[in-house]
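# Structural characterization, general
Here's the letter readout for the chains.
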Amino acid sequence: MEKRIIPSSEMIINSDGSIFHLHIKPEQLADKVVLCGDPSRVKLIGDHFSEIECDVQSREFRTITGKYKGKRITAQSHGIGCDNIEIVANELDMLANFDFEKRCVKDDFRQLTMVRVGTSGGLQPETPIGTFVAAERAIGFDGVAYFYAHSEKVRDLDFERALIDQLEWKLDGLKPYVAISDPSLIEQIVGNDGKILRGNTIAANGFYGPQGRKLRLPLTDENLNEKIESFNYEGSKITNFEMESSALALLSSLLGHRAMTVCAIIAGRQNLNMNTNYVGSIEDLIEIVLDRI
């Protein structure tokens, strides 16, 4: 079959040969990628490297590739939200699996292993501030899944139906989807030492209203967070809120990559408390991920 030649309006390459948003070239990407929202957190990760190959920043996207205990790793920031992680997941796949000169997909597939290290709000008594939670399932309130064909093949449809039913879903035009993180990667990163809990994480498409924070505007469903906290599907609860895990898990599954999100809990939504000085906690989590990726 003749390969599709992708037009420049869809596969956008800068004049220096780098991919459009990230501004890095294929040879600058490692097979192991640690993702984070904040560009300054990329430096926290890079500070652990014994060697630095590149350090590139474009907008909110910062990339440092280097060596950690002999492993070649890329630290990559993605900014806030599933719209941003959609950009990053696609551009990382292009860097790994597209021929930039011929503008087509390569014959040999290169699989990436991607772990997002984030911050999050805990929704259960067992996820207080300071807990680390890995998202076995990533629940999308963002809608990204519905722009890609065959996404139902990599989603937990039974869990989705339970969500719609138990949450008495009232948001017209928006339906949650449930992406499944790579099981082997969950095993690899979580380990068996109890440092990281397994959970089900909501990726909200906003920080305030979509996560039940009420300021001056009324919410469509004032009781949504209470229903989220009491949700139970075959013994599984919803453990935490963040903003990127669903699109990352879904797109990576569709593209054939291994991906997951693990978060440090910095807000207790039930206890109404918040830790704004969480750098030490995130540094501990970064070290765990770097050791295990």
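Look above for the structure.
The paragraphs below set out a description of the structure included in this document. (Residues numbered from 1 in each chain as written. Predicted model: local features only at pLDDT ≥ 70, side-chain atom pairs only at ≥ 80, totals over all residues. Heavy atoms only, no water.)

### With respect to the environment of Ala134
The residue Ala134 is located in strand β8 (residues 132–140) in this model. For Ala134, a relative accessible area of 0% translates into the label buried. Separated by 47 residues in the primary sequence, Ala134 and Ser181 have C-alpha atoms spaced 9.3 Å apart. (Helix = DSSP H or I, 4+ residues; strand = E, 2+ residues; numbered from the N terminus. Buried < 20%, exposed > 50% of the residue type's maximum accessible area, 1.4 Å probe, protein only.)

### So, the layout of surface pockets
If you add up the space inside the largest pocket, you get close to 390 Å³. What lines the largest pocket is a set of 22 residues, among which Ile80, Thr119, Ser120, Phe207 and Met243 lie closest to the centre. Elements with a minimum of two residues in the lining of the largest pocket: β7 (113–122), β11 (240–242) and β12 (258–268). Broken down by element, the lining of the largest pocket gets its largest block of residues, five residues, from β7. Here the lining of the largest pocket is built from residues that sort into eight nonpolar, eight polar and six charged. (1 Å grid on protein atoms, 1.4 Å probe; cavity = no way out; pocket = protein on both sides within 12 Å on 5 of 7 lines; lining within 4 Å. Points joined across faces, edges and corners; volume = space filled by probe spheres on them. Nonpolar A, V, L, I, M, F, W, Y, C, P; charged D, E, K, R; others polar.)

### A closer look at the environment of Gly130
Looking at the element boundaries, Gly130 is found in the loop between β7 and β8. Classification of Gly130 by relative accessible area gives partly exposed; the value is 41%. Taking the C-alpha atoms as reference, Gly130 lies 9.7 Å from Cys263; in sequence the two are 133 residues apart.

### Concerning the pattern of salt bridges
A full pass over the atoms with the stated rule returns 20 salt bridges. A salt bridge links Asp291 to Lys69; its shortest N-O distance comes to 2.9 Å. Linking Asp291 in helix α7 (residues 279–292) with Lys69 in the loop between β3 (61–68) and β4 (71–77), this pair joins segments that are 222 residues apart in sequence. Its relative accessible area of 41% is what places Asp291 among the partly exposed residues. We note a salt bridge from Asp156 to Arg137, for which the minimum N-O separation is 2.9 Å. (Salt bridge = Lys/Arg side-chain N within 4 Å of Asp/Glu carboxyl O.)

### As for unusual backbone geometry
Although it is not a glycine, His23 sits at a positive phi angle of roughly 60°. Inspection of the secondary structure assignment puts His23 in the segment before β1 (32–36). The partly exposed category is assigned to His23, whose relative accessible area is 31%. Even without being a glycine, Glu234 presents a positive backbone phi close to 50°. Relative to the assigned elements, Glu234 resides in the loop between α5 (224–230) and β11. According to the relative accessible area criterion, Glu234 is exposed, its value standing at 71%.

### Quick notes on the pairing of β3
Within β3, seven of the eight residues are buried, leaving the element largely enclosed by the surrounding structure. Bridge analysis of strand β2 (residues 51–58) against β3 gives seven bridges, and the strand direction is antiparallel. Across the sheet, the residue bridging to Asp55 is Ile64, located in β3. In this structure, the hairpin formed by β2 and β3 is closed by a connection of two residues, where Arg59 is found at a positive phi of approximately 55°. The pairing of β3 with β4 spans six bridges and is classified as antiparallel. (Pairing = 2+ DSSP bridges.)

### Notes on helix α6 (residues 245–255)
Burial runs high along α6: eight of the eleven residues are buried. Considered for burial, the residues of α6 that qualify are Ser245, Ser246, Ala247, Leu248, Ala249, Leu250, Leu251 and Ser252.

### Some thoughts on a nonpolar patch on the surface
Taken together, the side chains of Phe207, Tyr208 and Leu215 define a hydrophobic patch exposed on the protein surface, amounting to about 340 Å² of accessible area. As for its placement among the helices and strands, Tyr208 is situated in the loop between β10 (197–203) and α5. (Patch = residues over 30% accessible without salt bridge, like charges linked within 9 Å, V, L, I, M, F, W, Y side chains within 5 Å. Areas by Shrake-Rupley, 256 points an atom, 1.4 Å probe, with all protein chains shown as cover.)

### Notes on the packing of helix α2 (residues 82–97) against α6
Running from N to C, α2 and α6 point in directions that differ by 25°, and their axes come no closer than 8 Å. If you check the angle between α2 and α6, you find them roughly parallel. The hand of the α2/α6 crossing is right-handed. Together, Cys82, Ile85, Glu86, Ala89, Asn90 and Asp93 of α2 and Ser246, Ala247, Leu248, Leu251 and Leu255 of α6 make up the contact between the two elements. Split into classes, the residues belonging to the contact of α2 with α6 amount to seven nonpolar, two polar and two charged. (Axes fitted to C-alpha atoms, helices over the stretch in contact; angles between N-to-C directions. Parallel < 35°, antiparallel > 145°, perpendicular 65-115°, else oblique. Left-handed = near helix turned anticlockwise from the far one by under 90°. Contact = heavy atoms within 4.5 Å.)

### A short note on the packing of aromatic side chains
Evaluated as defined, the whole model comprises five aromatic pairs. Ring plane angle 85° and centroid distance 6.0 Å describe the contact between Tyr146 and Tyr177, whose orientation is recorded as edge-to-face. With Tyr146 in the loop between β8 and α3 (157–166) and Tyr177 in strand β9 (residues 177–180), the pair connects residues that are 31 residues apart, well separated along the chain. Between Phe159 and Tyr233, the ring centres sit 5.2 Å apart and the planes meet at 75°, which makes this aromatic pair edge-to-face. Linking Phe159 in helix α3 with Tyr233 in the loop between α5 and β11, this pair joins segments that are 74 residues apart in sequence. Phe159 sits in the buried class, given a relative accessible area of 0%. When its relative accessible area of 15% is taken as the criterion, Tyr233 is described as buried. By way of ring pairs, the aromatic residues Phe159, Phe231 and Tyr233 are connected into one cluster. The ring of Phe207 carries Arg213 above its face, with NZ or CZ at 3.9 Å from the centroid. (Phe/Tyr/Trp six-rings, centres within 6.5 Å; stacked < 30°, edge-to-face > 60°. Lys NZ or Arg CZ within 6 Å of the ring centre and 35° of its normal.)

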